[in-house]
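What follows is the residue order along each chain.
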Amino acid sequence: MDLPAQHEGESKIRRRTRRGFIIATLAAIIGWWTRAIQFILFLAIAGIDRRLINIDAPDLGPSVREWAELSPPATVPPPTGSRCGITYHHWYHNFSPKAANRCLAEIAGLGAGYLRADIRWMDLLPDGTHLDANARDWYRNYLQVAQQWYGLTPIVVLSNPPKTIANLPDDLKISAWETYIDLAIDNFGDLCRSYQLMNEINSPVFRFISPERLGSAITTAASRIRASLSHCELMINVMADYPGWVEDTQKYIAQFASAIDIVGIDFYPDTWSVSLGNPWKRVELGIARLRTTTPAKMRLAILETGYSTNIPLVRSERQQVEFYRHLRNTVQMLENQHGGTKLAHIALYEIIDQNSNIPLDPETHFGLLKSESFRRKEGYAEAQHICELFH
């Protein structure tokens, strides 16, 4: 080859290399910005949703009476022994016992072993001080029906303070938190022994105590619960869609490992985060790191995961099916690692859409059922397989 031709060939290679580098850089930037935009969207939507929830103070007197009008199923399903749970947000149906009963039946139809349910602080103590007896009675009926009619073991989430508490300094918040914990255990301890303390404690949207006081709030709550319930299961959950979630979780474990039995992971791949390739890979690596540093008695769990069907064709029911198939394989892989250590729970989010008629908003379309018709989405059958598999 003569010298000019050689130089021309090298020049083409450099141009191609430069072009490839530019394309790869642009792809990385676009990917980063896409994830950043989704993260900001999550914070905005979650914040709006939380604000809407916080002004919700329903009169539950009529709803309490409606529970007595319901009839149990002709055949009460026995407990399945499944480690899987399903989240149900009863306020989606304005505390309707009829709708709640139907959702509980659908959760039992999945073969789930657990109902993951909130007993909201704002409902029990709407003014921050006085117990709402109707709210107490509503929740007692709810938990009793879940257990006695559908064989579901409740995992109760203790969180969602009323607005009067949210604006207090930390010392007064923790005092009010202790009052709420005591009320919850006094009124529901005979119906539930598994409790999640707060929600997504690494999230600035849902965390209502400053990071500096979080450890004392969790340990205080745990000690008060254990004083009344000797055989209880206490857990926290962290949002794995946030950067630095593994380091945050390790910090929490160091602060209050003796108070907690389970660390739960919440993850919403392809809804609140975007990944190239296997979206679960970084969570798999994170769990592997946690297993090397977590005390032997402490277990790990998946406490929230799901797929929003909020965009036809792009995020459809068909994609939700594929999500749950991938989840099943991921859990199997995770449990085959480290000597076959099982996850304590695999909780799916959630049984029913908040509102299937609102376009685009991801938060309203995570359900396995459509909101008004209660029609089962295609993903329901795949979620059934997961519940049947993990006992």
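Residues numbered from 1 in each chain as written. Predicted model: local features only at pLDDT ≥ 70, side-chain atom pairs only at ≥ 80, totals over all residues. Heavy atoms only, no water.

A. Fine view of the overall build of the protein. Check the secondary structure of the protein and you find 12 helices and eight strands. The long-range fraction of contacts in the protein, counting pairs at least 24 apart against all pairs at least 6 apart in sequence, stands at 78%. If you sum the accessible surface of the protein, you get close to 17,200 Å²; carbon and sulfur atoms cover 57% of it. (Helix = DSSP H or I, 4+ residues; strand = E, 2+ residues; numbered from the N terminus. Contact = heavy atoms within 4.5 Å. Areas by Shrake-Rupley, 256 points an atom, 1.4 Å probe, with all protein chains shown as cover.)

B. How the structure looks around the nonpolar core. In this structure, Tyr-88, Tyr-142, Tyr-195 and Ile-225 are the most contacted members of the largest nonpolar core, which totals 109 residues. Those residues in contact with Tyr-195, other than ones at most four positions away along the chain, are Val-156, Leu-158, Ile-185, Phe-188, Gly-189, Ile-225, Leu-229, Glu-233, Leu-234 and Met-235. (Core = buried A, V, L, I, M, F, W, Y, C linked by side-chain atoms within 4.5 Å. Buried < 20%, exposed > 50% of the residue type's maximum accessible area, 1.4 Å probe, protein only.)

C. Here's a closer look at the packing of helix α8 (residues 211-228) against helix α9 (residues 245-256). Taken N-terminus to C-terminus, the directions of α8 and α9 make an angle of 55°; their axes are 10 Å apart at the nearest point. Relative to α9, the element α8 is oriented oblique. You can see that α8 and α9 cross each other, and the crossing is right-handed. Facing α8, whose interface residues are Leu-214, Gly-215, Ile-218 and Thr-219, α9 presents Tyr-252, Gln-255 and Phe-256. (Axes fitted to C-alpha atoms, helices over the stretch in contact; angles between N-to-C directions. Parallel < 35°, antiparallel > 145°, perpendicular 65-115°, else oblique. Left-handed = near helix turned anticlockwise from the far one by under 90°.)

D. Quick look at helix α12 (residues 379-389). Listed as buried for α12 are Gly-379, Tyr-380, Glu-382, Ala-383, Ile-386 and Cys-387. One side of α12 holds all its buried residues, which, seen down the axis, span an arc of 165°. Contact partners of the buried residues in α12: β1 (84-87), α3 (97-110), α11 (317-336) and β8 (346-348). (Arc of directions from axis to C-beta.)

E. Inspection of the pattern of salt bridges at higher detail. Applying the stated criterion across every chain, the model contains 19 salt bridges. Note that Arg-328 is salt-bridged to Glu-382, the shortest N-O span being 3.1 Å. Here Glu-382 lies in helix α12 and Arg-328 lies in helix α11, a separation of 54 residues in the sequence. On the accessibility criterion, Arg-328 (22% relative accessible area) is partly exposed. (Salt bridge = Lys/Arg side-chain N within 4 Å of Asp/Glu carboxyl O.)

F. Seen up close, the pairing of strand β3 (residues 153-158). Most of β3 is tucked away: five of the six residues are buried. Pairing geometry for strand β2 (residues 114-118) and β3, over five bridges, is parallel. When the bridges of β3 are listed, Arg-116 appears paired with Ile-155. The sheet contact formed by β3 and strand β4 (residues 194-197) spans four bridges and is parallel. By the bridge assignment, Leu-158 is partnered in β4 with Leu-197. (Pairing = 2+ DSSP bridges.)

G. Main features of the confidence of the model for the protein. Predicted confidence across the protein gives a mean pLDDT of 88, with 84% of residues reaching 70 or more. The low-confidence segment residues 50-55, where pLDDT is below 50, has 13 contacts with residues more than four positions distant or belonging to other chains. (pLDDT = per-residue confidence, 0-100.)

H. Spatial organisation of the packing of aromatic side chains. Scanning all chains against the criterion turns up 20 aromatic pairs. Where Trp-121 meets Trp-177, the ring centres are 5.9 Å apart and the plane angle is 50°; that geometry is what we call tilted. In this pair, Trp-121 sits in helix α4 (residues 121-124) while Trp-177 sits in helix α7 (residues 170-188), placing the two residues 56 residues apart along the sequence. Neither residue differs from the other here; Trp-121 and Trp-177 are each classed as buried. Connected via pairs of aromatic rings, a cluster forms that spans Trp-67, Tyr-88, Phe-95, Trp-138, Tyr-139, Tyr-142 and Phe-188. Sitting above the plane of the Trp-91 ring, Arg-120 keeps its charged end 4.4 Å from the centroid. (Phe/Tyr/Trp six-rings, centres within 6.5 Å; stacked < 30°, edge-to-face > 60°. Lys NZ or Arg CZ within 6 Å of the ring centre and 35° of its normal.)

I. Here's a closer look at the side chain of Ser-308. Structurally, the position occupied by Ser-308 is in the loop between β7 (299-305) and α11. One polar contact links the side chain of Ser-308 to the main-chain carbonyl oxygen of Pro-362, over a distance of 2.7 Å. Here Ser-308 is in contact with Thr-271, Arg-315, Pro-362, His-365 and Phe-366, once residues within four sequence places are set aside. (Polar contact = N/O pair within 3.5 Å; in protein donor to acceptor, adjacent residues only side chain to side chain.)

J. Broad picture of α3. The terminal C-alpha atoms of α3 lie 20 Å apart, and with 14 residues this matches the ideal 20 Å at 1.5 Å per residue to within 8%. The element α3 is largely enclosed, with a buried count of 10 among its 14 residues. Those residues of α3 that fall on the buried side of the exposure criterion are Pro-97, Ala-99, Ala-100, Asn-101, Cys-103, Leu-104, Glu-106, Ile-107, Ala-108 and Leu-110. Turning to α3, the residues buried within the fold contact α2 (61-67), β1, β2, α5 (133-150) and α12. Just beyond α3, the residue with positive phi is Gly-111, at close to 85°. (Expected span 1.5 Å × (residues − 1).)

K. Spotlight on the state of the cysteines. A complete count under the given rule lists zero disulfides for this structure. Its sulfur unpaired, Cys-84 is 4.4 Å from the next cysteine sulfur, which belongs to Cys-387. Cys-84 gets classed as buried once you look at its relative accessible area, which sits at 0%. (Disulfide = S-S within 2.5 Å.)

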